[in-house]
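Residues per chain, in single letters:
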Amino acid sequence: MSNLYALFEERFSPNLTQSFIITKDNRTYSYQDLLSSTSQIAYILNSYKLSKGDRVIFQVKKSPEAIFLYLACLKLGLISVPLNTSYTASEISYFLDDIEPSIVICDPESPIIKENLLTDQNQIHLLTLDGSGKGSLIENLSNDACHESIVDTQVNDTACILYTSGTTGKPKGAMITHGNLASNAITLHQIWGFSKNDILLHALPIFHVHGLFVALNCALLSTNTMIFLEHFDVDEVIHHLPKATVLMGVPTYYARLLSHPDFTASTYKNMRLFISGSAPLLKEVSDNFFIKTGHRVLERYGMTETVMIASNPLNGERVPGSVGTALPGIDVRITADDGRILAENETGNIQVSGPNVFNGYWRKPDKTKEEFTDDGFFKTGDVGFLNDRDYLTIIGRSKDLIISGGYNVYPKEVENLINDYANIEESAVIGVPHPDFGEGVIAVVVMEPGKKEEFDATTLIKFLKQHLANYKVPKFVFAIDKLPINVMGKVQKNILRDRFQDAFERQTIAN
Ligand code: MLC
Ligand code: AMP
């Protein structure tokens, strides 16, 4: 049995009275509650006569019930497709067409309901689940209606599809298998020393690898307790931190904690481990955190298509600026553009192979092929080097990607929309240093000839907000006469990044 849920369930039985989730308002769910609720939700899903491999889209707020829903899908061999709660109607419509779900479960406030995105013709079942754990999914649950059996799946069967955008601007669904998640969870749980006694402060969103797989799966394998917060609110996190032993977060979390006056020694007295990932942790933040707390934040590296790849050690030297060594069983290599494997300390493309690497992009075999080498390594699109002790340092990206507060923004997706907007000839979307989000998104536009006077950043931003999740929308738009272009006709974004690098410090130059 390769079903990830079976792996978890094996661990629950001796610890059923242990608390699984404690919410901010002190509702407690035990591992026994997890088992019962998951079986009851599985019963409801199963009543729709679904088959292994059918897709279930959910766009729901963070709640314990949302976790039980994800676990019920695993149990039934259904493919979960969690969507960011800030996606707009146009973004969601694309996912609905692409994934052809059998069931959609969403918050009553989701654009799926408000903008009536499901037509009768496509025969998709619609259920609701709100942030307080109520909705049509839940109202028919009954102790007498449980689905106990676990569907047999193979290691290569898809457990989840997570969308990542791409250089073309069209999102691709990464098929992550039961085998990918199980191997990664077992490794992380071991190398980070998780035990039943840990209390994990979970403040991450649950529609990405970090919150859904890295954090949750470590907790489930060790049957520890999670303090489960709806989102990262620094005051709330500081309030709950004294009870916690582990925190996982994106670098913005650590920058926000550091600059908060109430983040004092008594708040982190029980902490054994702070983990950071999803975006580069500035050396300055890492060093200041160490000076203040005596804790060196453990930085690790991963991505949607590969789950976790590398980590600094629990015991041993944690090197600031490096993401540590490849996880056991995973190969990381550095190559030149011509495919030559590079020696230590030489900078090149980071490639990875191992049981963590996904099964390809949903219904995009050509795209999948492009992203793998002939000998089966996945091309991460990140650039870096390995040192003489095999510690990996990421120094940049060959892919045109902005990471803002741990969320990925693919410029092409935003540029395509801006270029279609009235009176704009062309645009370039870039990431520049942002004091809170690491990188912040800005757009640089060129107006059509004779239309310079028509430039209006405010209405353009308003328009973009209607079509794009908030974090993708440029915080500023600047109009210039001409984009810098190289001999190949490509926009030289590095020149723009230099020119606008202090955009977030001199906000008055906006417009
Ligand atoms: C929110 N906003 C953002 C933003 N988050 N803008 C840019 N980048 C972001 N990350 C917008 C809001 O919509 C709002 O817009 C304005 O910025 C201010 O919001 P805020 O209140 O300050 O933001 P907040 O709600 O506090 O959210 C910030 C955050 C959140 C850092 C807590 O973004 C977050 O939880 N990030 C984690 C993302 C994550 O889990 N990534 C993992 C990916 S997995 P307006 O217009 O309304 O004012 C992965 C693999 C791996 O990468 O290795 O882990
Ligand atoms: P995503 O597609 O959202 O999973 O984002 C994956 C990308 O996040 C990687 O390809 C890296 O560029 C980046 N990333 C993840 N962890 C780190 C880290 N610790 N340091 C630098 N970049 C990171």
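Our structure is the block above this text.
Throughout this description, residue numbers start from 1 for each chain and increase along the sequence as written. Key to labels: chains lettered from A, ligands numbered from 1, both in the order written. Residues qualify for local features only when their pLDDT is at least 70, as the model is predicted, and side-chain atom pairs are given and counted only at 80 or more; totals for whole chains, interfaces and linings, by contrast, use all residues. Think of the side-chain values as coming from all heavy atoms in the structure, minus any hydrogens and water.

Asker: Lay out the state of the cysteines with the relevant residues and their values.
Answerer: Two cysteine sulfurs form what is called a disulfide whenever their separation falls within 2.5 Å. Within this structure, the stated rule accounts for zero disulfides. In this structure C160 is a free cysteine whose sulfur lies 8.1 Å from that of C73, the closest cysteine sulfur available. For C218, which is in no disulfide, the shortest distance to another cysteine sulfur is to C160 and amounts to 16 Å.

Asker: Give a detailed account of the site of ligand 2, specifying residues and quantitative values.
Answerer: Taken together, 16 residues lie near ligand 2, and R300, T304, D382, K399 and N408 sit nearest. For ligand 2, a nitrogen atom lies 3.1 Å from a polar atom in the backbone of S278. When the free accessible area of ligand 2 is taken as 500 Å², the share hidden by the protein chains comes to 92%. For the shell around ligand 2, the secondary-structure elements that each account for two or more residues are β13 (298-303) and β19 (392-397). A molecule or strand has a residue near it when one of that residue's heavy atoms lies within 4 Å. Each polar contact in these results corresponds to two N or O atoms within 3.5 Å; when the atoms are within protein, one needs to be able to donate a hydrogen and the other to accept it, and residues that are neighboring in sequence are counted only if both atoms are side-chain atoms. Computed with the Shrake-Rupley method and a 1.4 Å probe, the accessible areas treat only the protein chains shown as cover for residues. Under the DSSP-based scheme used, a helix requires at least four consecutive residues in state H or I and a strand at least two consecutive residues in state E, with every element numbered from the N terminus.

Asker: Can you break down the environment of V214 residue by residue, with the values?
Answerer: As for its placement among the helices and strands, V214 is situated in helix α8 (residues 209-222). Take V214: its relative accessible area is 1%, and that puts it in the buried class. Residues V214 and M248, 34 residues apart in the sequence, show an inter-C-alpha distance of 8.8 Å. Excluding its chain neighbours within four sequence positions, the residues that come into contact with V214 are L188, W192, V209, M248, R300 and M308. The cut-offs for exposure are 20% and 50% of the maximum accessible area for each residue type, with area from a 1.4 Å probe on protein chains only; residues under the lower value are buried, those over the upper are exposed, and the others partly exposed. A contact between two residues is defined here by any heavy atoms of the two lying within 4.5 Å.

Asker: Pulling in residues and values, what's your account of the nonpolar core?
Answerer: Within the largest apolar cluster, 114 residues are counted, with the highest numbers of intra-cluster contacts made by L45, Y70 and I105. Ignoring sequence-local partners within four residues, the contact set of L45 consists of L50, L69, A72, C73, L76, L78, I103, I105 and L137. Counting 40 residues, the second largest nonpolar core, distinct from the first, contains V81, F95, W362 and V409. Residues enter a nonpolar core if they are buried and are Ala, Val, Leu, Ile, Met, Phe, Trp, Tyr or Cys, with the set joined through side-chain atoms within 4.5 Å.

Asker: Tell me about the packing of aromatic side chains, and please be specific about residues and values.
Answerer: The relation between two aromatic rings is expressed through the spacing of the ring centres and the mutual angle of the planes. Note on aromatic pairs: the rings of Phe, Tyr and Trp (six-membered ring only in Trp) are paired at centre separations within 6.5 Å, and the planes decide the class, stacked below 30 degrees, edge-to-face beyond 60, tilted for the rest. Counted according to the given criterion, the structure contains 24 aromatic pairs. Ring centres of Y87 and F95 lie 5.1 Å apart, and the angle between their planes is 45°; on these two criteria the pair is classed as tilted. In this structure, Y87 and F95 share a single accessibility class: buried. Where F476 meets F478, the ring centres are 6.1 Å apart and the plane angle is 50°; that geometry is what we call tilted. Taken together, the aromatic side chains of F12, F20, Y29, Y31 and F68 make up a single cluster linked through ring pairs.

Asker: Break down the packing of helix α10 (residues 251-258) against helix α11 (residues 283-293) for me, with residues and values.
Answerer: Describing two packed helices takes the angle between their axes plus the distance from one axis to the other. Only the stretch in contact is used when a helix axis is fitted, and all axes are lines through C-alpha atoms; the angle between N-to-C directions ranges over 0 to 180 degrees. Where α10 meets α11, the axes come as close as 10 Å, and the angle between the chain directions of the two elements is 45°. One way to sum up the angle between α10 and α11 is to call them oblique. Where α10 crosses over α11, the two elements pack in a sense that is left-handed. Contact with α10, carried on its side by Y254, A255 and L258, involves V285, N288, F289 and K292 of α11 and no other residues of that element. For this scheme, ten residues count as nonpolar: Ala, Val, Leu, Ile, Met, Phe, Trp, Tyr, Cys and Pro. Four count as charged, namely Asp, Glu, Lys and Arg, and the remainder, Gly too, count as polar. Here the contact of α10 with α11 is built from residues that sort into five nonpolar, one polar and one charged. Comment on the angle field: the value is read as roughly parallel under 35 degrees, roughly antiparallel over 145, roughly perpendicular from 65 to 115, and oblique elsewhere. Each crossing is labelled by how the near helix is turned from the far one, with a counterclockwise turn of less than a right angle marking it left-handed and a clockwise turn marking it right-handed.

Asker: Please provide a residue-by-residue account of the sheet that holds strand β12 (residues 273-276), values included.
Answerer: On the basis of which strands lie adjacent, the open sheet formed by nine strands has the order β2-β1-β10-β9-β11-β12-β13-β14-β15 and mixed pairing. The strands lining the two open edges of the sheet, one partner per strand, are β2 (28-30) and β15 (325-326). Two strands make a pair as long as DSSP finds a minimum of two bridges between them. Summarising the sheet, strand β1 (residues 19-23) and strand β10 (residues 225-228) pair through three bridges and their orientation is parallel. Among the inter-strand pairings, T23 is bridged to a residue of β10, identified as F228. Across the sheet, helix α2 (residues 31-46) lies against β1 and β2, angled at about 80° from β2, the strand it touches most.

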